[in-house]
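Overview (structure and organization)
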Amino acid sequence: MAVAAICAGTTVWAETLPETVRVWPTPQEVSVDGGTFARPKTIAIVPADGFDAEAQAALAATFKIEPTATFTVTWKEDASLPKEGYTLTVDANGADLAAADGRGFFYGVQTLRQVLAAEDCHGVTIKDWPDVPFRGVVEGFYGQPWSFEARKRMFAFMGEQKMNT
């Protein structure tokens, strides 16, 4: 199945989007809204209080969080979005993240981390929500069971890939 995205108001195939806009899994909608900018080294979360703790920990794993940073991540709840959905707008000044619930914030942060992974980042707006309610891994054995550390690594991978089961 081919995946299309929205780019500057025109439907395009996801493979034609700028390399730095590639996120996994492919979002429902993507528009390229601006030019490129340098990857921020520090970020501020606005407002600082109330931001989902799991999402904040994911951000802190990639960026130094400082209240005075010029790249700000603003956030709000948006009950009009589908369950676990989010809208993320990123430009040179920061990111605006609206999410339906805690999982939506976490998934939006994972997408933000992917968008800001390259040294040269693109301004984008991404709207995403899962197509199916359960996404995950089946741990089946044909030999040695996974170690505790292997399971921990799998849970981290699952979170980065927006899986929930």
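Summarised in this report is the structure supplied together with it. (Residues numbered from 1 in each chain as written. Predicted model: local features only at pLDDT ≥ 70, side-chain atom pairs only at ≥ 80, totals over all residues. Heavy atoms only, no water.)

**Details of the nonpolar core**
- Of all hydrophobic cores here, the largest spans 29 residues; its most connected members are Phe-51, Leu-59, Phe-71, Val-90, Leu-112 and Leu-116.
- Of all elements in the fold, only β3 (29–38), β4 (42–46), α1 (53–62), β6 (72–77), β7 (86–91), β8 (94–99), α2 (102–115) and β9 (120–128) reach the threshold of two or more residues within this core.
- Other than its neighbours up to four places away in sequence, Phe-51 contacts Ile-45, Gln-56, Leu-59, Trp-75, Leu-97, Phe-105 and Val-109. (Core = buried A, V, L, I, M, F, W, Y, C linked by side-chain atoms within 4.5 Å. Buried < 20%, exposed > 50% of the residue type's maximum accessible area, 1.4 Å probe, protein only. Helix = DSSP H or I, 4+ residues; strand = E, 2+ residues; numbered from the N terminus. Contact = heavy atoms within 4.5 Å.)

**Observations concerning the packing of aromatic side chains**
- Under the criterion given, the structure shown has five aromatic pairs.
- Ring centres of Phe-51 and Trp-75 lie 5.6 Å apart, and the angle between their planes is 75°; on these two criteria the pair is classed as edge-to-face. A residue pair is termed long-range when its members are at least 10 positions apart, and Phe-51 in the loop between β4 and α1 and Trp-75 in strand β6 qualify at 24 residues.
- Each ring, one from Phe-106 and one from Tyr-107, has its centre 6.2 Å from the other, and the planes form 70°; the classification is edge-to-face.
- When its relative accessible area of 5% is taken as the criterion, Tyr-107 is described as buried.
- By the ring-pair criterion, three or more aromatic residues cluster together here, those being Phe-51, Trp-75 and Phe-105. (Phe/Tyr/Trp six-rings, centres within 6.5 Å; stacked < 30°, edge-to-face > 60°.)

**Some details on the environment of Ser-147**
- Its place among the elements puts Ser-147 in the loop between β9 and α3 (148–160).
- Among the polar contacts listed, one links the side chain of Ser-147 to the backbone nitrogen of Ala-150, at a separation of 3.0 Å. (Polar contact = N/O pair within 3.5 Å; in protein donor to acceptor, adjacent residues only side chain to side chain.)

**Section: the sheet that holds strand β5 (residues 64–65)**
- Ordered in space as β3-β9-β7-β8-β6-β4-β5, the seven strands form an open sheet in which the pairing is mixed. Each edge of the open sheet is held by one strand with a lone partner, namely β3 and β5.
- Where β4 and β6 come together, three bridges link them in parallel fashion. Bridging across to β6, Ala-44 finds its partner in Thr-72.
- Each of β6, β7, β8 and β9 is contacted by α2, which is oriented at about 30° to β7, the strand it contacts most. (Pairing = 2+ DSSP bridges. Axes fitted to C-alpha atoms, helices over the stretch in contact; angles between N-to-C directions.)

**Some words on the packing of α1 against α2**
- The geometry of α1 relative to α2 is characterised by a closest axis approach of 8 Å and an angle of 15° between their N-to-C directions. Relative to α2, the element α1 is oriented roughly parallel. For α1 against α2, the interelement crossing comes out right-handed. Packed against α1, whose contacting residues are Glu-54, Ala-55, Ala-58, Leu-59, Ala-61 and Thr-62, the element α2 presents Phe-105, Phe-106, Val-109, Gln-110, Leu-112 and Arg-113 at the interface. (Parallel < 35°, antiparallel > 145°, perpendicular 65-115°, else oblique. Left-handed = near helix turned anticlockwise from the far one by under 90°.)

**Structural notes on α3**
- When the terminal C-alpha atoms of α3 are compared, their 19 Å separation across 13 residues agrees well with the 18 Å that a helix rising 1.5 Å per residue should span.
- Where α3 ends, the next residue or the one after it, Lys-162, has phi of about 65°, a positive value. (Expected span 1.5 Å × (residues − 1).)

**Things to note about the pairing of β8**
- Among the six residues of β8, five are classified as buried, and the element is accordingly described as predominantly covered.
- Note that β6 and β8 share six bridges and pair parallel. Residue pairing for β8: Lys-76 is matched across the bridge by Ala-98.
- Where β7 and β8 come together, six bridges link them in antiparallel fashion. The residue bridging Tyr-86 from the neighbouring strand is Ala-99, located in β8.
- Linking β7 back to β8 in an antiparallel pair, the connection comprises two residues.

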